[in-house]
Amino acid sequence: MLLLATGWLGWLVPAGIVGSLLAVTVVDGVRRRDVLKEVQRDWVPHGVRCLIVYSNSPKWQEHIENQWLPRLKHCARLLTLQDRGRRKGDLEARVFTYFCSGGYANPVVVVFRGLKEPLVFRFFGAFREARKGRPQYLRELESRLFAVLEVEGMAPHEDADDQASSGTELRS
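Here is a short report on the structure shown in this document. (Residues numbered from 1 in each chain as written. Predicted model: local features only at pLDDT ≥ 70, side-chain atom pairs only at ≥ 80, totals over all residues. Heavy atoms only, no water.)

**What about the overall build of the chain?**
From N to C terminus, the chain includes seven helices and five strands. Scanning the chain from its N terminus toward the C terminus, one meets helices and strands in the order α-α-β-α-β-α-α-β-β-α-α-β. Expressed as a percentage of the 172 residues in the chain, the buried residues total 37%. Sequence-distant contacts, at least 24 apart, represent 62% of the contacts inside the chain between residues at least 6 apart. When the accessible surface of the chain is summed, it comes to about 10000 Å², and 56% of that surface belongs to carbon and sulfur atoms. (Helix = DSSP H or I, 4+ residues; strand = E, 2+ residues; numbered from the N terminus. Buried < 20%, exposed > 50% of the residue type's maximum accessible area, 1.4 Å probe, protein only. Contact = heavy atoms within 4.5 Å. Areas by Shrake-Rupley, 256 points an atom, 1.4 Å probe, with all protein chains shown as cover.)

Encoded structure:
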């Protein structure tokens, strides 16, 4: 219709770009949903409610392994970034690819909520602030994570009154 009305073919390029972007978005959405269905089928019956992704960085490895894993081992799967290349087709690696891309993706905890978009807790900024002497951001984000997962949190801190929220680190 537009071609007949205007006699101009210039609209084909923008229409093709928009159509391609729409197709990619739909395919990505279908793949993300398929990954969530697989999580529901393979992990949830075994009590798995989250995926913890981290690297062997001295900035957080010890903290994660000593503070998080004892509390979350009963409900978590693990993916270290060093193993990701060897486990490319594994469900852990696909969850990371589809839900943790972009931004600061390490360390991160993906909390599953059925087939709804999972909650993604990104801890890079909180660990950075803790290294700068502001541990309240890390404690607050950890508290929110443990509350969502309904597990016992960290030991009480002396300066719990001055905890601040770092809302930019949680993406749902």
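**A short note on the packing of helix α3 (residues 61-72) against helix α7 (residues 136-149)**
Across the interface, α3 lies against α7 with an axial gap of 12 Å and an inter-helix angle of 20°. When the axes of α3 and α7 are compared, the pair comes out roughly parallel. When the axes of α3 and α7 are compared, the crossing they make is right-handed. Of the residues in α7, those in contact with His63, Trp68, Arg71 and Leu72 of α3 are Leu138, Glu142, Leu145, Phe146 and Leu149. Grouping the constituent residues of the contact of α3 with α7 by class yields six nonpolar, one polar and two charged. (Axes fitted to C-alpha atoms, helices over the stretch in contact; angles between N-to-C directions. Parallel < 35°, antiparallel > 145°, perpendicular 65-115°, else oblique. Left-handed = near helix turned anticlockwise from the far one by under 90°. Nonpolar A, V, L, I, M, F, W, Y, C, P; charged D, E, K, R; others polar.)

**Focus: the nonpolar core**
Ranked by internal contacts, the top residues of the largest apolar core, which has 23 residues, are Ile52, Trp68, Leu72, Val109 and Phe123. Those elements that place two or more of their residues in this core are β1 (50-54), α3, β3 (108-113), β4 (116-122), α6 (124-131) and α7. Take this core: its biggest share by element is five residues, from α7. Non-local contacts of leucine 72, meaning those with residues more than four positions away in its chain, are made with Ile52, Leu145, Phe146, Leu149 and Val151. With 19 residues, the next largest nonpolar core counts Leu36, Leu79, Val110 and Val120 among its residues. (Core = buried A, V, L, I, M, F, W, Y, C linked by side-chain atoms within 4.5 Å.)

**Structural notes on the packing of aromatic side chains**
For the structure on display, the rule yields six aromatic pairs. Ring geometry for tryptophan 43 against phenylalanine 112: centres 5.8 Å apart, planes inclined by 65°, an arrangement best described as edge-to-face. Of this pair, tryptophan 43 sits in the loop between α2 (12-42) and β1 while phenylalanine 112 sits in strand β3, and the two are 69 residues apart along the sequence. Taking relative accessible area as the criterion, tryptophan 43 reaches 4% and is therefore assigned buried. Classification of phenylalanine 112 by relative accessible area gives buried; the value is 9%. On the basis of an interplanar angle of 45° and a centroid distance of 6.1 Å, the ring pair of tryptophan 68 and phenylalanine 127 is categorised as tilted. (Phe/Tyr/Trp six-rings, centres within 6.5 Å; stacked < 30°, edge-to-face > 60°.)

**Re the pattern of salt bridges**
Considering all chains together, one arrives at six salt bridges under this definition. Residue glutamate 38 pairs with arginine 94 through a salt bridge whose shortest N-O separation is 2.9 Å. Taken together, the residues glutamate 38 in helix α2 and arginine 94 in helix α5 (residues 91-99) connect sequence positions 56 residues apart. Taking relative accessible area as the criterion, glutamate 38 reaches 19% and is therefore assigned buried. (Salt bridge = Lys/Arg side-chain N within 4 Å of Asp/Glu carboxyl O.)

**Description of the pairing of β4**
Extensive coverage of β4 is indicated by the burial of five of its seven residues. In the sheet, β3 pairs with β4 via five bridges, with the strands oriented antiparallel. When the bridges of β4 are listed, valine 111 appears paired with leucine 119. Between β3 and β4, which follow one another and run antiparallel, lie two residues, and glycine 114 among them has a positive phi close to 65°. (Pairing = 2+ DSSP bridges.)

**Quick word on unusual backbone geometry**
Not every positive phi belongs to a glycine, and glutamate 150 is a case in point at roughly 55°. Mapping glutamate 150 onto the fold places it in the loop between α7 and β5 (170-171).

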